[in-house]
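# Commentary on secondary and tertiary structure
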Amino acid sequence: MATVSVPAERPKGVLRRPSATSGFWAWFTTVDHKKIGILYGITAFAFFLIGGTEALLIRVQLARPDQEILNPAVYNEIFTMHGVTMVFLVVMPLSAAFFNYLLPLMIGARDVAFPRLNAFSYWAFLFAGIFIYSSWFLGGAPNGGWFGYAPNSVVDPTRGMTFYAIGLLIAGIASTVSAFNLAVTIINMRAPGMTLFRMPVFVWMGLVVQMLLAFSLPVITIGLVELLFDRLYGTHFFDPATGGNPVLWQHLFWLFGHPEVYILILPAMGIVSEILPVFSRKPLFGYQFVVFSGIAIGFIGFGVWAHHMFAVGLGPVANTAFGVSTMIIAIPTGVKIFNWMGTMWNGDLRFTTPMLFAVGFIAMFVIGGLSGVTHAIVPSDYQQTDTYYIVAHFHYVLFGGAILGLFGGMYYWWPKVFGRMLSETVGKVVFWLMLIGFNLTFGPMHVLGLQGMPRRIQSYPDSLGLSFWNLVSTIGAFTIAVSVLIFLVSAIASFRRPKEMVADPWDARTIEWLTSSPPPEHNFDEIPVVHSLDELWHRKYAETEGGRVVPVAAGGSGEPAHDPADGHEADGHGGGHGIHLPGPSYFPLIAALGLPVLGYGLMFGIGYVIAGLVITLAGVFGWILEPSAE
Amino acid sequence: MRSKTLLGLSALAVVAAACAPNASQSALEPAGPYAQEPHNLFVFVFWVAAAIFVLVEGMLLVFAIRYRHRKDRTRIPAQVHGNTRLEVAWTILPTLILAGVAVPTVATIWDLAAEPEGDVLEVNVLGHQWWWEFDYPEQGIVTANELHIPTGRPVFLTLCAAGFGYGEEDPSAPGPPAPSDCQPGPPEGLPPAGIGASVVHSFWVPELAGTQDVVPGQTNHLTIQADEPGVYEGQCKEFCGLSHAYMKHVVVAHTPEDFDRWVADQQADAAVPEPGTDAVAGAAIFVNQCTQCHAIEGLQDENGEPVAGNNGGPNLTHLMSRECFRGCTLPLNDGNLRAWLEDPREIEAGSFMPDYGLSPEELDQMVAFLNTLE
């Protein structure tokens, strides 16, 4: 798509500055965080459908014992791509979609700190995804598992793991750039009065996630570069015969890989922390505790990686240390669960679709958390590691947790983003189908793992007694697929409704609901001045002396009296005229386009390397020379 | 509703786990002390977790019902922002529970890591792509896919990854017998034994012990012990390439007397095929084509001279004493053997044994010869 059309639009060296902010082409040049958020969301959802199809293929293959529907070579590609897709191309970018769209709105900013860099992140992510998937046609898809353990990932004769290494490096560039961009945005661009401890929990979790990304991505980058060099240039980082060490890869991978787990789950925790108070009509119980436990999870998340490696033979000292640190991380996680339930306690719970997903998140995450504690019991993990028990565990965390949370977020913010509601009736059907399907799919995997079914096997004999629960699991997977399809139809159908959404359809508490739905390009006609946590709620409701909460009259004293000393912006009036916004640009897309070309060059010849470098450098130079706005 | 479904499901899961049919590779049925210890811990933690599960999901359910919105309700709930005492309590309480779980956990970690003392059988386990080699250094036995052990005696396993480092130019070059330790690099400048690549595997017989990874360049150990005679299934757990799913093995536990008999049988040389049979022609093919990768103790060429083989592939001296091949996922019988010899890669994806293009007659001769290896 973009990859084909853009070079055609290049006259000699200079690009005419695009000016359209609406219409088809505007999507390729946009630097608006809201449009970029939507692009992230659509792309991630497309990959979700692809990764889900791969999951269905896995389940079809494993539905019965001794099946040969997929041969081992294809099966290994499918399960690897399922993992790579869901982690790097679905949950991470879907979270990025929420961050991009919502963080500036929630902190009362007009855009992110570096809008063009934001566009670059998106394009680099998209091209990374396309690059990895192009492997199916160019010499075999990655087949060494998403964890890519060396030396197996090095000796494999297909090109798959080279695509894996380069693709993830490109995706890593996208994530690193985005992490700094969003962190700077949160730290520097908050509206007047929005102190750190008036930020919504979702913004806090966003900040923690960006920090996790900034510190963990360099580690996997080193690992991937070493893997790439071993594969392409004959180095021996992971070959013990020449002084290398295969365990080095495992450390590098999991030192990234475990923080990554929190990169995937913390956004959903943030979403749930926004949804629960709104539909309980109560503030989040113990806001500070929830924030600090999120930060604690982020910190401790860097000290538990070797619990993926208890069976490697690191010795009893290391296993003890990492077993105990893994138990410790359960404490802040438990705190969050109890605080969410404290939020529901004595509330006025309205079970809308977002609320159902949020409560479903808690119920499922508890199961994933408890099975997680059994892995910290190191000797017990000796049995469970690399079995379907682990597959069950992390799907309860990443599907029952992250995906349910993200779906809740989609239902919650859909009216804000698109100005239309998703059908609540259909939404409830989607939720219950998904919840039932999910438990049918992954619940039995606990049993399968304990009964001795290892992961990543393409076939199993009937004699092991694994056949029944595998069939149940496959039926569950198709139930999930039906629920996702219903969601998809419902999402498309929502665009046939009239676009007439009030600013605050849920009676929400945070300031993104202050502006129109969808928000104008400049977000807020007038940058809100923030006086408290749950600013919007306090503008709508007041507490009497007896502790009763009463609505304040519309347009009345609910709007906190404007203190001239707050210095709210005067230039915001009149529908945003005169507001300085960065202009659209081709250059982020061009700069990102060079990266996959360079990547192909590492496999297919120096010419592509040079072409890729030229494209990226041209993009960067054009970018530098172009004023951010005209 | 939701939580009820959940409770029902998890209760179902527990029941199902307890009475699964034919679970012959199950971590829930420990058959020796080294599996029993982790299992006891698991059961203990399972019930702690189950109690927390019931408590939390129960509370969630009660809250969801009790505080749901009612149509006649107009009053907005009190805006409670938190309760420090409560929050401190639910931080400390899980900490105490986890501390209670941590103590036996750490104790068991060290128990299991200790090297067994006294009357111990030592076996070297080599993970190949995609089969297991078992070397008994004291008994001088080399076998494949079936680990025979005596009951009631700890078996101390030394685990190594066999095969070539990925820097090797010629992975088909013959190698010496497998090194019994896992020092990085080939001994005395020779390539290590094994014709596949040297990759990470994981040795696992759930009924006898937890997992131990097999890591190239690293010497790992695992102790197993079976209390009762029987066959215990195991499987490579760490993804190790194309045919990872077909890398199983069994542990056969004998009474000590039966085990001694098995050892004596295995120590004997292979019988020389009787003159005039198909097996003689088969042996000749074997001497010509197979000894680069396979060894048969007592093998002779046409002139009666001893022929040394290599242990890059499975040692075949007493092939037919085994029940299974291809990582113990195929029954060892004439039909399967013939199919294997006809085209190994048809039977095992990515097999390191090439198709030698044997004619039907030669296939018959080979099967006849292999059948003499009892």
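Residues numbered from 1 in each chain as written. Chains lettered and ligands numbered in written order. Predicted model: local features only at pLDDT ≥ 70, side-chain atom pairs only at ≥ 80, totals over all residues.

## Details of the nonpolar core
Ranked by internal contacts, the top residues of the largest apolar core, which has 273 residues, are A:Ala124, A:Phe127, A:Ile170 and B:Leu208. Of all the elements, helix 4 (residues 72–107) of chain A adds the most residues to this core, at 23 residues. Both domains that furnish three or more residues to this core are identified here as domain 1 (2–17 + 27–113) and domain 2 (120–374) of chain B. In this structure, B:Phe286, B:Leu337, B:Met366 and B:Leu373 belong to the second largest nonpolar core, which totals 21 residues. (Core = buried A, V, L, I, M, F, W, Y, C linked by C-beta atoms within 7 Å. Buried ≥ 20, exposed ≤ 12 C-beta atoms within 10 Å, placed from the backbone. Helix = DSSP H or I, 4+ residues; strand = E, 2+ residues; numbered from the N terminus. Domains from an automatic or database assignment.)

## Digging into unusual backbone geometry
For the bond running from A:Ala150 to A:Pro151, omega is 0 degrees, close enough to zero to count as cis. Turning to its location among the elements, A:Pro151 is positioned in the loop between helix 5 (115–134) and helix 6 (152–155). In this structure, the amide linkage connecting B:Gln129 to the following residue, B:Trp130, adopts the cis form with an omega of 0 degrees. With respect to the element layout, B:Trp130 can be found in the loop between strand 1 (121–128) and strand 2 (131–136). Look at A:Asp507: it is not a glycine, yet its phi comes out positive at around 55 degrees. Looking at where A:Asp507 falls in the secondary structure, it is placed in the loop between helix 16 (467–494) and helix 17 (535–540). Given 16 C-beta atoms within 10 Å, A:Asp507 falls into the partly exposed group. A positive phi angle, near 50 degrees, is found at B:Arg326, a position not held by glycine. With respect to the helices and strands, the residue B:Arg326 is situated in the loop between strand 11 (324–325) and strand 12 (330–331).

## A look at the environment of A:Leu232
Residues and elements named next belong to chain A. Considering the arrangement of structural elements, one finds Leu232 in helix 8 (residues 201–233). Spatially, the C-alpha atoms of Leu232 and Met603 are 8.0 Å apart, while their sequence positions differ by 371 residues. Beyond its immediate sequence surroundings of up to four residues, Leu232 is in contact with Thr162 and Leu602. (Contact = placed C-beta atoms within 7 Å.)

## Notes on the confidence of the model for chain A
Residues and elements named next belong to chain A. Looking at chain A as a whole, its pLDDT mean stands at 91, while 93% of the residues score no less than 70. The low-confidence segment residues 1–13, where pLDDT is below 50, has nine contacts with residues more than four positions distant or belonging to other chains. Contacts of residues 556–574 to residues separated by more than four positions or lying in other chains number 27 contacts, the stretch itself having pLDDT below 50. (pLDDT = per-residue confidence, 0-100.)

## Some remarks on the interface of chain A and chain B
Taken together, the contact pairs 91 residues of chain A with 90 residues of chain B. The element that contributes the greatest number of residues to the side of chain A that touches chain B is helix 11 (residues 316–344) of chain A, accounting for 15 residues. Split by residue class, the side of chain A that touches chain B holds 52 nonpolar, 31 polar and eight charged. (Nonpolar A, V, L, I, M, F, W, Y, C, P; charged D, E, K, R; others polar.)

## A closer look at the environment of B:Ala107
Residues and elements named next belong to chain B. Mapping Ala107 onto the fold places it in helix 3 (residues 84–113). The class of Ala107 is partly exposed, set by 14 C-beta atoms lying within 10 Å. Residues Ala107 and Arg85, 22 residues apart in the sequence, show an inter-C-alpha distance of 34 Å.

## Some points on the environment of A:Arg159
Residue and element names in this part refer to chain A. By the secondary structure assignment, Arg159 is in the loop between helix 6 and helix 7 (160–188). You can call Arg159 partly exposed: it has 18 C-beta atoms within 10 Å. A sequence separation of 230 residues divides Arg159 from Tyr389, and the C-alpha atoms of the two residues are 31 Å apart.

## Focus on the sheet that holds strand 1 of chain B
Residues and elements named next belong to chain B. With mixed pairing, the five strands of this open sheet are ordered in space as 3-2-1-5-8. Each end of this open sheet is capped by a strand with a single partner; those strands are strand 3 (141–144) and strand 8 (220–224). The average undirected angle you get between the axes of adjacent strands in this sheet is 25 degrees. As judged from the seven bridges shared by strand 1 and strand 5 (residues 155–161), these two strands associate in the parallel manner. Counterpart to Leu126 in the pairing with strand 5 is Cys160. (Pairing = 2+ DSSP bridges. Axes fitted to C-alpha atoms, helices over the stretch in contact; angles between N-to-C directions.)

## So, the pairing of strand 4 (residues 146–150) of chain B
All names here are of chain B. Here strand 4 lies mainly inside the structure; four of its five residues are buried. By the bridge criterion, five bridges tie strand 4 to strand 10 (residues 248–254) in an arrangement that is parallel. Counted as the bridge partner of Ile149 is Ala253 from strand 10.

## A closer look at the packing of helix 4 of chain A against helix 9 (residues 246–280) of chain A
All names here are of chain A. Look at helix 4 against helix 9: their axes get within 10 Å of each other, and the N-to-C directions meet at 35 degrees. Of the two possible hands of crossing, helix 4 and helix 9 adopt the one that is left-handed. On helix 9, the residues that touch Val87, Val91, Met92, Ser95, Phe98 and Phe99 of helix 4 are Ile263, Leu264, Pro267 and Ile271. Taken together, the residues of the contact of helix 4 with helix 9 sort by class into nine nonpolar, one polar and no charged. (Left-handed = near helix turned anticlockwise from the far one by under 90°.)

## Side note on helix 8 (residues 360–371) of chain B
For helix 8 of chain B, built from twelve residues, the straight-helix expectation of 16 Å at 1.5 Å per residue is met to within 8% by its first-to-last C-alpha distance of 17 Å. Taken together, the buried residues of helix 8 of chain B touch helix 5 (278–289) and helix 6 (334–342) of chain B. (Expected span 1.5 Å × (residues − 1).)

## What about the domain arrangement of chain B?
Accessible area lost upon the coming together of the parts is a frequently used measure of interface size. For chain B, the assigned domains are domain 1 (2–17 + 27–113) and domain 2 (120–374). The class makeup of the residues in the side of domain 1 of chain B that touches domain 2 of chain B is seven nonpolar, one polar and one charged.

## Brief notes about the sheet that holds strand 9 (residues 230–235) of chain B
Residue and element names in this part refer to chain B. Strands sit in the order 4-10-9 across an open sheet of three strands; the sheet is mixed. Looking along the sheet, the strands with just one partner apiece sit at the ends: strand 4 and strand 9. Within the sheet, the average angular offset between the axes of one strand and its neighbour, ignoring direction, is 25 degrees. The pairing of strand 9 with strand 10 spans six bridges and is antiparallel. Paired with Gln235 across the strands is Lys248, a residue of strand 10. Contacting strand 4 and strand 10, helix 4 (residues 256–267) crosses the sheet at an angle of about 135 degrees to strand 4.

## Considerations on the confidence of the model for chain B
Detailed reading of the predicted coordinates is not advisable wherever pLDDT is low. Residue and element names in this part refer to chain B. Overall, the prediction assigns chain B a mean pLDDT of 86, with 86% of residues at 70 or greater. Counting interchain partners and residues more than four positions distant, the pLDDT-below-50 stretch residues 1–23 has 35 contacts. Below pLDDT 50 for its whole length, residues 168–181 participates in 33 contacts with residues either more than four positions away or in separate chains.

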